[in-house]
Amino acid sequence: MKLALETEILFRISLSIGDSTQLEPMTRRVLSETLRLLNASGAAVYARSGDVLEPVCMLPRTLGRSARFPLLRARWPSPAEVAGQGWMIVELEGVIHHLVDLPGFGLLVIERSGPVLESSFLDSFLALARKLANACRACLSDEALEREKQRLEMATSAASLGVWSWTPATGALDWDALMCAMHGVEPTVFGQRLDDWLDRLLPIDVGRLRSGLDAALAGKKPLDEDLGVQQPDGSVRVVRVLGRAGVHQVSGVALDVTSRRETNAALRRARDAAEAASRAKSDFLANMSHEIRTPMNGVLGMLDLAQDAASESELREYVAVARSSAESLLAIINDILDFSKIEAGKVEVESVPYDLGDLLGEVLRMMATQAGRKSLPLKLECDPGLPRLICGDPLRVRQVLLNLVSNAIKFTPRGSVTIRAGVRVDSAAQERLSISVIDTGIGIAPDKQAHVFEAFAQQDSSTTRSYGGTGLGLSISSRLASLMSGHIALSSTPGEGSVFCLDLPLVRGNAVRVEPAVAGAEPSTHAFSILLVEDHPVNQKVAEAVLTRSGHRVTLAENGMQALEMMVDGGFDLVLMDMQMPVMGGVEATRLIREMERELRRPAVPIFAMTANALEEDRVACIDAGMNDFLTKPLLPRVLREKIAALAEGLPE
């Protein structure tokens, strides 16, 4: 091969290497020129990885699948041997592989049929091989860099990270699309200067970013700041900015942490609320334990004294104190049950005509004794325009007023307590009933007034210790007022007194006055044959004594199975049925009794539940089973006599 021809071939192949930054297109051009200029049947470039050769590009693409190629490749020397000599030749049946070392990269293979390329040409080709190797390495580095860049972009996109860099020497600021989105700016209008970034921050955070960048440039610490970013719609997003200083610039990432901050704040508020509720309930339980144990101690203590009473008058005194303590204990339990019912949404209010004057007078009479113990005047003031008959729920109104008046007396050491009732007209021209309970007591501090209607809340622990109480009364009263479409307002001055005002819709009643029952009327003396189904010995004795003193005949059954057997023979006018008993409970027994009565075609005997289960679902279960009424323990003798008397009034003479 003539020298001029060799030079021309080398020059043209060298041109094909060019300055391409993509490995495969560049090597394909080189191999294409090699095939054309050297009249070769095939050529390939391999990258070296240790002693392993990995193909980078091969022309024709089917070269590696030809029958002779594997045979020739099996005879190739090791890459280290080729590198040691620069180039080597492998020949088999007229087909020759010229192996040329690509220093620091791999191997160039030229397959030809015919004469071997001259050694002088191959020696000259080594300089070209070095250029090809350098070009291949550069292309690989650029491709690796591009792949890393793509992976970084995918990672930052998946993590919602914005990427930024700032070059102090030129003042250039570079943001990616996500960085622009975080700051509410279109990439096409972003000014790419640091001042454009600072203009979008809250004023308080401008100095923090500047200081952070200065510290990063000085090598003191990386940039790590949470910055408030003003959005075009006026809202503020919180962006966490991280960055490190390089040789000529500071670069880093940013993450929108607004939602995370809001979530963390919500979790902190929920945690604080839960902890506060837990503390309140713990305080409540401690207080409740004290409140329950106090009257219970009175009951047990007085009964112990009654056993050793020296006279009948002393005995009566001890029993009266024990009864008063028991009534206090029952009031506490009723508060707890009322609160539970309201929490469960089981309380319903009714609307019936009632005499407001009678109700207010009854509240005054019921509270007179409590006020008298403290020598407090208890007054009632009614506006002249107040209607006598109104529609509403008298039971719930009385319950609220009794609680408000009782609290007023409890927290008033001197002065007076006044109930003031009147009519007002609201902004919608609707009449409202306004009943205020005014005291001259200790008052409530302004910062405590917003919490007095919360469950388990009292002014403070000293109030609880000094005055007692469950902390449920005002919460129950407030919720009952809401159920009646009203509310309770409070105004108070510490040391001067408080005013609790019950505000309700005023619905005037009709002109027909509902006459109250005649006080002291004698109950019916109709004697009943009563089946008492009760397993507890003390409850048996109490109920049996009350019933026999009223002239009734009592037969005792200790569980529902015994009651069912006794009902087969009949002869009972009334069944008093406990709910929870061994062998068979009251609900199941009632259901079987009703089935038996239907099968025998007997009239249904009235069955009253007499149970300590006082919740609404218990009452519903009893009624659904076929019971006629539901009496809760502790059962007062007066209530039991009234229920039986009402039953007797409905019987034929």
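Residues numbered from 1 in each chain as written. Predicted model: local features only at pLDDT ≥ 70, side-chain atom pairs only at ≥ 80, totals over all residues. Heavy atoms only, no water.

1. Focus: the overall build of the chain
Next, step 1: Looking only at helices and strands, the chain has 20 helices and 23 strands in total.
Next, step 2: Here the chain, with 653 residues, has 41% of them falling under the buried criterion.
Next, step 3: Considering only contacts within the chain whose residues lie at least 6 apart along the sequence, 60% involve residues at least 24 apart.
Next, step 4: For the chain, the exposed surface amounts to about 35,200 Å²; the carbon and sulfur share of it is 53%. (Helix = DSSP H or I, 4+ residues; strand = E, 2+ residues; numbered from the N terminus. Buried < 20%, exposed > 50% of the residue type's maximum accessible area, 1.4 Å probe, protein only. Contact = heavy atoms within 4.5 Å. Areas by Shrake-Rupley, 256 points an atom, 1.4 Å probe, with all protein chains shown as cover.)

2. Focus on the packing of aromatic side chains
Next, step 1: Considering all chains together, one arrives at 6 aromatic pairs under this definition.
Next, step 2: Both rings, one in F453 and one in F500, keep their centres 6.1 Å apart while their planes meet at 85°; by these two values the pair is edge-to-face. Residue F453 is found in the loop between α13 (446–449) and α14 (461–467), and its partner F500 is found in strand β17 (residues 497–505); the two are separated by 47 residues along the sequence. In terms of burial, F453 and F500 fall into one category: buried.
Next, step 3: Among the aromatic residues, ring-to-ring pairing joins Y46, F69 and W76 into one connected group. (Phe/Tyr/Trp six-rings, centres within 6.5 Å; stacked < 30°, edge-to-face > 60°.)

3. A word on the pairing of strand β1 (residues 42–49)
Next, step 1: Extensive coverage of β1 is indicated by the burial of 6 of its 8 residues.
Next, step 2: Pairing between β1 and strand β2 (residues 52–59): 7 bridges, direction antiparallel. Pairing of A47 across the sheet is with E54, part of β2. (Pairing = 2+ DSSP bridges.)

4. Quick look at the packing of helix α18 (residues 586–600) against helix α19 (residues 616–625)
The geometry of a pair of packed helices is captured by two quantities: the angle between their axes and the separation between those axes.
Next, step 1: Look at α18 against α19: their axes get within 8 Å of each other, and the N-to-C directions meet at 20°. When the interaxial angle is binned, α18 and α19 end up roughly parallel. The chirality of how α18 crosses α19 is right-handed. Contact residues: V587, T590, R591 and R594 in α18; A621, C622 and A625 in α19. (Axes fitted to C-alpha atoms, helices over the stretch in contact; angles between N-to-C directions. Parallel < 35°, antiparallel > 145°, perpendicular 65-115°, else oblique. Left-handed = near helix turned anticlockwise from the far one by under 90°.)

5. Topic: the confidence of the model for the chain
In low-pLDDT segments, the atomic positions of the prediction should not be examined closely.
Next, step 1: Within the chain, residue pLDDT values average 82, and 84% of them lie at 70 or more.
Next, step 2: Contacts for the low-pLDDT stretch residues 459–466, under 50 throughout, to residues beyond four places or in other chains number 9 contacts.
Next, step 3: When the criterion is pLDDT under 50, residues 511–523 qualifies, and its contacts beyond four places in sequence or with other chains add up to 10 contacts. (pLDDT = per-residue confidence, 0-100.)

6. Observations concerning the environment of G228
Next, step 1: Looking at the element boundaries, G228 is found in strand β8 (residues 223–230).
Next, step 2: Of the residues examined, G228 reaches a relative accessible area of 6% and is grouped as buried.
Next, step 3: Considered as a pair, G228 and H183 are 45 residues apart in the sequence and their alpha carbons are 9.8 Å apart.
Next, step 4: Non-local contacts of G228, meaning those with residues more than four positions away in its chain, are made with R200, L201, L202, D205, V236 and R237.

7. As for the packing of helix α12 (residues 394–410) against helix α15 (residues 473–483)
Next, step 1: Interhelical geometry of α12 versus α15 gives an angle of 145° and a closest axis separation of 10 Å. For the pair α12 and α15, the crossing hand works out as left-handed. Contacts between α12 and α15 involve R396, Q399, V400, N403, L404 and N407 from the former and G473, L474, I476, S477 and L480 from the latter.
Next, step 2: By residue class, the composition of the contact of α12 with α15 is 5 nonpolar, 5 polar and 1 charged. (Nonpolar A, V, L, I, M, F, W, Y, C, P; charged D, E, K, R; others polar.)

8. Structural notes on the sheet that holds β8
Next, step 1: Taken in spatial order, the 5 strands of this open sheet run β7-β6-β10-β9-β8, and their pairing is antiparallel. Each edge of the open sheet is held by one strand with a lone partner, namely β7 (172–175) and β8. Put simply, the sheet's adjacent strands are angled 25° from each other on average, direction ignored.
Next, step 2: Here 7 bridges tie strand β9 (residues 236–245) to strand β10 (residues 250–256), and the two strands are oriented antiparallel to one another. Bridge pairing in β10 places V241 opposite A254.

9. Things to note about the side chain of T418
Next, step 1: Its place among the elements puts T418 in strand β14 (residues 417–425).
Next, step 2: Residues contacting T418, with those up to four places away along its chain left out, are K379, E381, S436, V437 and I438.

10. A short note on the sheet that holds strand β15 (residues 431–439)
Next, step 1: Spatial strand order, β12-β14-β15-β17-β16: 5 strands in an open sheet with mixed pairing. Of all strands in the sheet, those with a lone pairing partner are β12 (378–382) and β16 (487–493), marking the two edges. In this sheet, adjacent strand axes meet at a mean angle of 15° when their direction is disregarded.
Next, step 2: Lying over the sheet, helix α11 (residues 356–373) contacts β12, β14 and β15, oriented at roughly 165° with respect to β12.

11. Considering the layout of surface pockets
Next, step 1: One number sums up the size of the second largest pocket: a volume of about 1,300 Å³.
Next, step 2: Lining of the second largest pocket is provided by 32 residues; of these, R323, A326, V542, P634 and L635 occupy positions nearest its centre.
Next, step 3: Elements supplying a minimum of two residues to the lining of the second largest pocket: α9 (258–307), α10 (312–343), α16 (537–549), β22 (607–611) and α20 (637–649).
Next, step 4: Looking at the lining of the second largest pocket residue by residue, the class counts come to 21 nonpolar, 4 polar and 7 charged. (1 Å grid on protein atoms, 1.4 Å probe; cavity = no way out; pocket = protein on both sides within 12 Å on 5 of 7 lines; lining within 4 Å. Points joined across faces, edges and corners; volume = space filled by probe spheres on them.)

12. Considering α16
Residues separated by three or four positions in an α-helix point in the same direction, a consequence of the helix having 3.6 residues per turn.
Next, step 1: In this model, α16 (13 residues) spans 18 Å end to end at C-alpha, consistent with the 18 Å of a helix rising 1.5 Å per residue.
Next, step 2: Along α16, the residues that are buried comprise Q540, A543, V546 and L547. In an axial view of α16, the angular spread of the buried residues amounts to 145°, which keeps them on one side of the axis. Across α16 from its buried face, at more than 90 degrees, point the exposed residues K541 and R549.
Next, step 3: Along its buried surface, α16 packs onto β19 (529–533), β20 (553–557), β21 (574–577), β22 and α20.
Next, step 4: Once α16 finishes, G551 follows within two positions and takes phi at roughly 90°, a positive value. (Expected span 1.5 Å × (residues − 1). Arc of directions from axis to C-beta.)

13. What to know about the side chain of S529
Next, step 1: Residue placement: S529 occurs in strand β19.
Next, step 2: Exposure remark for S529: the relative accessible area of 10% places this residue in the buried category.
Next, step 3: Apart from residues no more than four positions distant in its own chain, S529 is found in contact with R553, G571, F572, D573 and L574.

14. Re helix α17 (residues 560–569)
Next, step 1: Taken together, the buried positions of α17 are G560, A563, L564 and M567. Summarising the axial view, the buried residues of α17 lie within an arc of 100°, below the 170-degree limit, and thus occupy one face. Among the exposed residues of α17, those oriented more than 90 degrees off its buried face are E565 and D569.
Next, step 2: Those residues of α17 hidden inside the fold are in contact with β19, β20, β21 and α18.
Next, step 3: Two or three places before M561, at the start of α17, stands the capping residue N559, its side-chain oxygen 3.0 Å from that residue's backbone nitrogen.
Next, step 4: Immediately beyond the C-terminal end of α17, within one or two residues, lies G570, with a positive phi of roughly 75°. (Polar contact = N/O pair within 3.5 Å; in protein donor to acceptor, adjacent residues only side chain to side chain.)

15. As for the pattern of salt bridges
Next, step 1: Tallied over the entire structure, the rule returns 20 salt bridges.
Next, step 2: Two residues, R36 and E33, come together in a salt bridge whose shortest N-O distance is 2.9 Å. With R36 and E33 both in helix α2 (residues 23–37) and 3 residues apart, the pair spans about one turn of that helix.
Next, step 3: Looking at R36, the relative accessible area reads 54%, which means it is exposed.
Next, step 4: Each of D224, D226, R240 and R261 takes part in salt bridges that share partners, so that together they form one network. (Salt bridge = Lys/Arg side-chain N within 4 Å of Asp/Glu carboxyl O.)

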